There are 2 protein chains.
Amino acid sequence: MRIDDVRDVLSANDRRAAANRERFRSWGAYVVNLMSAPGAGKTTILERTLAALAPRDRVAVVEGDVRGSYDRERLRAVAEVPVLQINTEVAYGGECHLDAVMIGNALDGVDWPGTELVLIENVGNLVCPAEFDVGEACKVMVASVTEGEDKPLKYPLMYATSALLVLNKVDLAAAVAFDRAAFLANCRQVNPSLEIIELSARTGEGVSSWLNWLERQMRAAR
Amino acid sequence: MRIDDVRDVLSANDRRAAANRERFRSWGAYVVNLMSAPGAGKTTILERTLAALAPRDRVAVVEGDVRGSYDRERLRAVAEVPVLQINTEVAYGGECHLDAVMIGNALDGVDWPGTELVLIENVGNLVCPAEFDVGEACKVMVASVTEGEDKPLKYPLMYATSALLVLNKVDLAAAVAFDRAAFLANCRQVNPSLEIIELSARTGEGVSSWLNWLERQMRAAR
């Protein structure tokens, strides 16, 4: 694509993102765009989140995958909340990210007034998802200790645009000789204001910190 | 992008890939395009590979990253082989993959006659790298047991287009309760002819199988 084409695409995306944001606002929903590399643990974190919040808050999910609805099925097994599935392979050429148009098209089929929280699980990819505003209130990224300490420096945009980093799989830190201090220093280098919560979605350690953070954000946005 | 634009981009890529392939052939080099999600262990596998092969084979590496030359520095610490660094952030808009134009432009600065093996480390991403022929003889992907068993179904193109899957971090399989049978079944579903080698680049277990595979391919291509 030429630079002008890229500008057109991003400008069209931003117009649609503003429309999505207005729709979320009309419902009263706080919206998180959850991003990570494949396998970092987004879906397991969402399972924990739905198990805790769905009984008392009105929550909905948008799932982004190249193919399939495996994560939708996992989440529906945890809580009976609405889960929209977007497959980029079907209508969007196998794109490696979600954009505002995909989210907008998916939302055109639904009306969720009174929904307090919308969790958008992006396609697993450390690069392009960070480039697209989808109308979220907040970008949250997940990293896992098994990915190594150097990723903030090699994939800086996602680390730079996220408000919160959830560092997952801390139960494996010793097994992979994870250098926590080096990782945190690399995070600070690309985003000095990045908040960081460490947890293991598998064991449950630290999950309450994430839930508390999320509820603080929802309250502050009201 | 419209469909016509996508076709133009891919056709331009394939013309450049053919030129790259002819250049590799003129050197007598076997070329591997190594792909994976971020943090699956491509660089650690390349460290092991260079340590074993560089003393007796003429090897060169092309490193693809959004930003930085951290992997180049790691590899240069293992063996004094040529390592070209491509940063997609600098000249290619932060692209999430390598394509034939990037590789061709990087090769324009070098001449490596007699090189027997060129290892191309793609940008860490399970989606788009699989869409671009860069002139390689063979696509090899790395998956790690910490990514989960469902990834072949959710990111099918890379699994479908790779000749070999290196399943890394098998030393962590018990810690993450990795369901090996389910993973292998999912691999077979998207690519019945996919070869699979299991190893741990960290401990060294299984690495000799990968080295033997690589040497068989190099011999067969001569």
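Attention here is on the structure that accompanies the text. (Residues numbered from 1 in each chain as written. Chains lettered and ligands numbered in written order. Predicted model: local features only at pLDDT ≥ 70, side-chain atom pairs only at ≥ 80, totals over all residues. Heavy atoms only, no water.)

1. A closer look at the pattern of salt bridges
Two side chains of opposite charge can pair, provided their charged atoms sit close to one another.
Here is step 1: Within the structure shown, the criterion is met by 28 salt bridges over all chains.
Here is step 2: Two residues, Glu47(B) and Arg74(B), come together in a salt bridge whose shortest N-O distance is 3.1 Å. Placement of the pair is Glu47(B) in helix 2 (residues 42–53) and Arg74(B) in helix 3 (residues 70–78), with a sequence separation of 27 residues.
Here is step 3: Since its relative accessible area comes to 29%, Arg74(B) is described here as partly exposed.
Here is step 4: For Lys151(B), the salt bridge goes to Asp150(B), with nearest N and O atoms at 2.7 Å.
Here is step 5: Salt bridges here are not isolated pairs; linked through shared partners, they connect Asp65(A), Asp71(A), Asp150(B), Lys151(B) and Lys154(B). (Salt bridge = Lys/Arg side-chain N within 4 Å of Asp/Glu carboxyl O. Helix = DSSP H or I, 4+ residues; strand = E, 2+ residues; numbered from the N terminus. Buried < 20%, exposed > 50% of the residue type's maximum accessible area, 1.4 Å probe, protein only.)

2. Quick notes on the interface of chain A and chain B
Here is step 1: Of the residues lining the interface, 34 residues belong to chain A; the matching set on chain B comes to 34 residues.
Here is step 2: Buried surface at the junction of chain A and chain B, both sides included, amounts to about 2800 Å², of which 59% is carbon and sulfur.
Here is step 3: In this structure, the connection of chain A to chain B is made through four salt bridges.
Here is step 4: Between Lys154(B) and Asp65(A) there is a salt bridge, and its shortest N-O distance comes to 3.8 Å.
Here is step 5: The interface formed by chain A and chain B contains eight residue pairs in polar contact (both at pLDDT 80 or more).
Here is step 6: The set of elements that each furnish at least two residues to the side of chain A that touches chain B consists of helix 3 (70–78) and helix 6 (151–154) of chain A.
Here is step 7: Looking at the side of chain A that touches chain B residue by residue, the class counts come to 17 nonpolar, five polar and twelve charged. (Contact = heavy atoms within 4.5 Å. Buried area = accessible area lost by both parts, 1.4 Å probe. Polar contact = N/O pair within 3.5 Å; in protein donor to acceptor, adjacent residues only side chain to side chain. Nonpolar A, V, L, I, M, F, W, Y, C, P; charged D, E, K, R; others polar.)

3. Here's the deal with the relation of the copies chain A and chain B
Here is step 1: Relative to chain B, chain A is turned by 180° and slid 0.0 Å along the rotation axis, the superposed coordinates differing by an RMSD of 0.0 Å. The relationship between the two copies is best expressed as a two-fold rotation axis. Of the C-alpha atoms belonging to chain A, the one lying closest to the rotation axis is found on Asn125(A), 3.0 Å away.
Here is step 2: A share of 100% of the interface residues of chain A reappears at the interface of chain B, consistent with the copies meeting face to face through the same patch. (Least-squares fit on C-alpha atoms with pLDDT ≥ 70 in both.)

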